[in-house]
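Remarks on the overall topology
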Amino acid sequence: MKDKGSIWLKTVIGLLALVFVVYQTYSMVYKPITTATAVSYDTYEGIEINGYFVREEMLIDYKITGTERYVVDEGEKVAKGGTIAEVYSSADIAAAYERVDELTEEIQVLESINSVSDPSSVNLDTLNNRIEHAYVNLLALTDLKKFSELDSSLNELLMLLNKKQILTGEAQGFDALLTTLKAELSSLKSTLQAPTSKVSAPASGYFIHQADGLEGILTFNALEEIDESIFKKIANANPSDAFGKIVSSQNFYIVAKMENDDYLNFSEGDSLNLRTSISGNEELKATVYKINVSENKNSAIVVLSCQAMNGRFALVRSAPITIVTEEYEGIRISNNAVRYSEGVPGVYIIQGSIVKFKPIEIVYRTETFTLCKKSEDGNSDTIRLYDEVIEKGKNLYDGKFIG
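So, a few notes on the structure that sits alongside this text.

Okay, the side chain of E57 next. Here E57 lies in strand β2 (residues 39-60). For E57, the side chain forms a polar contact with the side chain of R55, separated by 2.9 Å. A polar side-chain atom of E57 sits 3.1 Å from a polar atom in the side chain of K245. Beyond its immediate chain neighbours, meaning those up to four positions away, E57 contacts E215, K245, I246, V247 and R317.

Here is the structure:
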């Protein structure tokens, strides 16, 4: 009997332990109520077009004999007569100059890191904040696809991390590496040969390496009589063998074809807000310069005038663009959070340990989220920024305790 009692007791204890483990696992995995923070959000609707950029462009007619090395970046602004590229008698000499530039930059970065001679003079909290900011900035650039800015952002982050290593004693500085790099730089400089010639900018503006062959087709003069035949010319154009080109004016135009009477929404002289896919230039203001309607009136060529030329716009010949017709701003919540109480739309939020129902005024809705009107007077009875909105929960009611 004693053995049977012992076995029974062990069985009961085992079952209780199993129930406890299952309960704990269930409690961790199953969340009867899930919330999300209400945030500010803006969005828009509009007419989608594919726009072609018309710029004032000057070809650089220069025949290279030797190996060129650009001294300005693609899309960089240059002054009239400024040096765009240097030409060398061999590729090895051009590569040596490139290496000199790389070494010079590396040495400057390492000297900046190494400049911390007294760790007590640097606030570690401030340095940590700078590291966090540089890290977040790097993530933001990646998310926004601003790849041209990644190198400098990454270099800044690495410099700060290395500086922290020195401050905390994890690294002893870079004196040995600096000595090696400076020796290599000095040796290279002693062997450099002067360029045989230089390529100069014929005008001030933004330098572009490639000429796509549309420089003589998409011109300011062509805009006056532009029609759908322009797109056939664009399709048949061949790249130019010019050394490059200069985009020399701050003014430029966007040419697009509008179908299905979309053009009837606009008149010449209208001011428009545009959204583009061009990194760093997602918003653009424009004016309707010209609307050339086709003979059957089913479509039109629309020309938009802009005055915001920069290096990125100078690089792009065409891009998808949205002409904004409606803009919406409000507090964004998931559609799953929208509930109805006596026919009134609203959300349940958590205040402390109490569930509270707040009515909402819907200003915009998609398949996944809803925009609610912001409270103008800070009324706590309507949804406000940073409210903890319940997205998932059953048997909810105003005043429910959820301790």
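What follows continues from the structure just given.
When a protein is soluble and globular, its nonpolar side chains tend to lie buried together. F53, F252, I254, F266, L274, L304 and I323 are the most contacted members of the largest nonpolar core, which has 30 residues in total. Those elements giving two or more residues to this core turn out to be β2, β7 (205-208), β8 (244-259), β9 (271-276), β10 (283-293), β11 (299-306), α7 (311-315) and β12 (318-334). A total of five residues in this core trace back to one element, the largest contributor, which is β8. For F252, the contacting residues outside a window of four places in its chain are F53, V54, R55, L284, L304, S305, C306, A308, M309 and F313. Of all hydrophobic cores here, the second largest spans 13 residues; its members include V54, L223, I226 and V255.

Pairing is antiparallel in the open sheet, where three strands are placed in the order β3-β5-β6. Edge positions in the sheet fall to β3 (67-70) and β6 (197-200), since each of these pairs with one other strand and no more. Along the sheet, successive strands turn relative to each other by an average axial angle of 25 degrees, direction set aside. In this sheet, strand β5 (residues 83-88) lies alongside β3 in antiparallel orientation, the contact comprising four bridges.

Pairing between β2 and β12: 14 bridges, direction antiparallel. Among the inter-strand pairings, G51 is bridged to a residue of β12, identified as A319. Pairing of β2 with β8, which is carried by eight bridges, proceeds in the antiparallel orientation. Across the sheet, residue Y52 finds its bridge partner in β8, namely V255.

Positive phi, close to 65 degrees, is recorded for K297, a residue that is not glycine. Following the sequence through the fold, K297 ends up in the loop between β10 and β11. Residue K297 is classed as exposed on the basis of its relative accessible area of 54%. In the Ramachandran plot, N395 falls in the positive-phi region, its phi being about 55 degrees despite a non-glycine side chain.

Attention now moves to the pattern of salt bridges. On inspection of all chains with the given rule, the structure shows 20 salt bridges. Salt-bridge contacts for R275 lead to E327; the nearest nitrogen and oxygen are separated by 3.1 Å. Here R275 is found in strand β9, whereas its partner E327 is found in strand β12, with 52 residues between them in sequence. K358 serves as the salt-bridge partner of D387, at 2.9 Å between the closest nitrogen and oxygen. With D387 in the loop between β17 (369-372) and β18 (388-392) and K358 in strand β15 (residues 354-359), the pair connects residues that are 29 residues apart, well separated along the chain. Among the ionic contacts, a cluster of salt bridges with common partners joins R55, E57, D212, E215, K245 and R317.

Procedures and definitions
- Residues numbered from 1 in each chain as written.
- Predicted model: local features only at pLDDT ≥ 70, side-chain atom pairs only at ≥ 80, totals over all residues.
- Heavy atoms only, no water.
- Helix = DSSP H or I, 4+ residues; strand = E, 2+ residues; numbered from the N terminus.
- Polar contact = N/O pair within 3.5 Å; in protein donor to acceptor, adjacent residues only side chain to side chain.
- Contact = heavy atoms within 4.5 Å.
- Core = buried A, V, L, I, M, F, W, Y, C linked by side-chain atoms within 4.5 Å.
- Buried < 20%, exposed > 50% of the residue type's maximum accessible area, 1.4 Å probe, protein only.
- Pairing = 2+ DSSP bridges.
- Axes fitted to C-alpha atoms, helices over the stretch in contact; angles between N-to-C directions.
- Salt bridge = Lys/Arg side-chain N within 4 Å of Asp/Glu carboxyl O.

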